[in-house]
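Each chain is listed here by its residues.
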Amino acid sequence: MANDDVLLQLSGVTRTFGGLTAVDGVDLTVRRGQIYSIIGPNGAGKTTVFNLITGIYRPTSGDVTLDGNSIVGYTPDRVLRAGVARTFQNIRLFNNMTVLENVLVGQHVRFPGDLISIVFHLPNYNRAERAARARAIELLGFFGPSMVALQDEYALNLSYADRRRVEVARALGSNPKLLMLDEPTAGMNDAETAEAVGYIQALRRDFGVTILLIEHKLQVTMGLSDRIAVLDYGKKIAEGLPDEIRTNELVIEAYLGRKAAI
Amino acid sequence: MSVRSGTRPEPAWRARLRALLRDTTLAGRPLEWYLSGWRLALILLVVMVIFPWLVGSTFVADAIAVGIYITLAVGLNIVVGYAGLLDLGYVAFFAIGSYAEATGTFGALQLNSVTGEVIHTPVLPFWPLLVIGALVAGIFGIVLGAPTLRLRGDYLAIVTLGFGEIVPILFNYFPFWFGNTGMSALPPADINLGGLTITFSDPLNRIPFYYVVLAVVALVILGSFSLRDSSLGRAWVAIREDETAAASSGVNLVRTKLLAFGLGATMGGLGGVLNGAYIGAISPNDFPFFVSITVLMMIVLGGIGSIWGVTLGAIILRFIDVDLLGRISQFVQANPVVNNPVSPLHFLSTVDFNQAKYLIYGIMLLLMILFRPQGIIPDVRRRRELKGIGAAVESTSAIGVLEREEAGAELAAVDTLDQTTYAGPGSDDIGRSGD
């Protein structure tokens, strides 16, 4: 199935923890330029799917390919180098680093790796450092001048919504092909959610990234996504356009609960 | 950079000192201008360059002993302070450096096959060994670091402690290194400039060797600053704060941790080479576990992660060890009250305060942990971490733990799902957000 359009493909991805099958034979096909959502009830295995793609877990079986190349068994940093960056459901910033430093760590792969350049701050290192700082300001600027003003603030002191923004800026630092957002609007009020929806669309437009997201708020998902996959008990029970998902009986059953379906 | 939360009003004496530094001017600049950044380093360097000419030869020897431990403390600080990996076997690299120097300058044991006589042939002089010893130690740092990468916290400490014990035992075991006797009367390091020979490890004139140590210490400190303020330094902090997030930001955990081990070990090896040349005799007994503990204490005392802090920690503890305790013993024993056989304090005349070294270290450490856990000159970030401002994800939050947690969470979630009732048709929330 060679298809230039396909960026990320999961085929039959399964992961078990002890006796529990958290993800069960999931197939996903994310095409370049899409905003693709994974939805499903709590514990459906959505975050586990993210962890399987980004190399935090290794699939028990099945294959994950990026641009047609398998990335199974890659460590998280290699997955990032391959072009997949992510954020975390529970925001994992480096709390005792400043906002700027957080975004600089996100650009780690753009620095020279050899010790000599680093220790002696050789010209190639200094160039990388200057470029990374300029880029970090640019990335923060994407979220408005108020974020740029916060560059020297410790990450911990930020508001919740700002912390989410910094995490996205950090993830963008590596110029990813695929940006994976794990519940980007979790814990946000309506105004913040609306703003987040706006910037997710702008991300695709301004950075040309494909976006894979996990989202709980149906309104957000329906309005934003080109395509949606629904997980329940680790299995993909449906996939399609937002309108198809909205009317899919299996999905309604999964969400309304079995009792309601009887 | 502002530290908004967790700041206390500064004590009056410090405010006064700050005002004094700001208001006193020298050549049109306030004093504080001279005492910041590289200017402070330059002033310190100048002071240290003229130091041997200001003090007696005892203090020059003390300074060499201190300098060797500064090298060790700054090196271990990279592993413990920057990367947050608790290494209790750091003495291994000190031993490897020392043995590299001794093996090179003295030569390994050989037996004359005819007479059975013990012979040894020097291989290399001190100078190339300074580089080779450091590199060998650095390589062993990576070799010994590799199997510990999957460990953290207590387990890492225990395994590294084991390495620290094994290395001197190996040196003891092989006749090649003269076993328990070790090597003594190591040839001094010399530089031959035409007809003029400068002996660097002449016990009667320590000043030339003092400059060798000073140069090494200056380079090690400079290198340490450079590492801290680099992408690698940031990666170490990131790993310390949150391994998973660091890895997902492109930090190669294996490589980054091994670099910390390797660079720390390189500096330990440098200290070892200097030690071999300075002492002129080494044996496996010179490298007990307490060397590792002492270096670690220097770091904790001075301020974990802070270069000036650990330097000061090394100066204080090493000075107590090599100079102060001897002086106290002498002073007490010469005291007439103690000398008097009928005095109740007469028992003190038999006390050797050098024996109380670890007792004194222990008390200092205890007081420090109780009253100033961040160290004498704290590192800004470490101070935040200690005060729990960060409440950073605990350093044990490795991928393994995460895996268990999330597997547990998945189980719990499956459990609750059965009891979940739908929130109502008007709701657009699917369940609740995960945390």
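Bear in mind the structure is a predicted one, so any value in this text is a computation, not a measurement.

Draft legend 1. Inspection of the sheet that holds strand β3 (residues 35-39) of chain A at higher detail. Residues and elements named next belong to chain A. Strands sit in the order β6-β7-β8-β3-β9-β10 across an open sheet of 6 strands; the sheet is mixed. At either end of the open sheet lies a strand with only one pairing partner, and these are β6 (84-86) and β10 (235-240). When strand polarity is set aside, the average angle formed by the axes of neighbouring strands in this sheet is 20 degrees. Alignment of strand β7 (residues 178-182) against strand β8 (residues 210-214), held across 5 bridges, turns out to be parallel. By the bridge assignment for β8, D182 is matched with I214.

Draft legend 2. Quick look at the packing of aromatic side chains. Residues and elements named next belong to chain A. The tally for this structure, following the rule as stated, stands at 27 aromatic pairs over all chains. Judged by centre distance (5.6 Å) and plane angle (40 degrees), the rings of F111 and Y125 are tilted. Here the residue F111 occupies a position in the loop between α3 (99-106) and α4 (115-119), and Y125 occupies one in helix α5 (residues 123-142), the gap between them amounting to 14 residues. Look at F111 and you get buried, because its relative accessible area is 8%. Y125 sits in the buried class, given a relative accessible area of 0%.

Draft legend 3. Layout of the packing of helix α13 (residues 307-334) of chain B against helix α15 (residues 357-371) of chain B. Residues and elements named next belong to chain B. With their axes 11 Å apart at the nearest point, α13 and α15 run at an angle of 145 degrees to one another. As for how α13 packs across α15, the hand of that crossing is right-handed. Listed contacts from α15 to I316, L317, I320, D321 and L325 of α13 are K357, I360, Y361 and M364.

Draft legend 4. Up close: α15(B). Residues and elements named next belong to chain B. Relative to the 21 Å expected for 15 residues at 1.5 Å per residue, α15 spans 21 Å between its end C-alpha atoms, a close match to the ideal helical length. Turning to α15, its buried residues are K357, Y361 and M368. Looking down the long axis of α15, one finds its buried residues gathered within 30 degrees of arc, a one-sided arrangement. In this structure, α15 carries L359, L366, L370 and F371 as exposed residues pointing more than 90 degrees from its buried face. Those residues of α15 that are buried lie in contact with α12 (289-302) and α13.

Conventions adopted
- Residues numbered from 1 in each chain as written.
- Chains lettered and ligands numbered in written order.
- Predicted model: local features only at pLDDT ≥ 70, side-chain atom pairs only at ≥ 80, totals over all residues.
- Heavy atoms only, no water.
- Pairing = 2+ DSSP bridges.
- Helix = DSSP H or I, 4+ residues; strand = E, 2+ residues; numbered from the N terminus.
- Axes fitted to C-alpha atoms, helices over the stretch in contact; angles between N-to-C directions.
- Phe/Tyr/Trp six-rings, centres within 6.5 Å; stacked < 30°, edge-to-face > 60°.
- Buried < 20%, exposed > 50% of the residue type's maximum accessible area, 1.4 Å probe, protein only.
- Left-handed = near helix turned anticlockwise from the far one by under 90°.
- Contact = heavy atoms within 4.5 Å.
- Expected span 1.5 Å × (residues − 1).
- Arc of directions from axis to C-beta.

So yeah, pure geometry; function would need other evidence.
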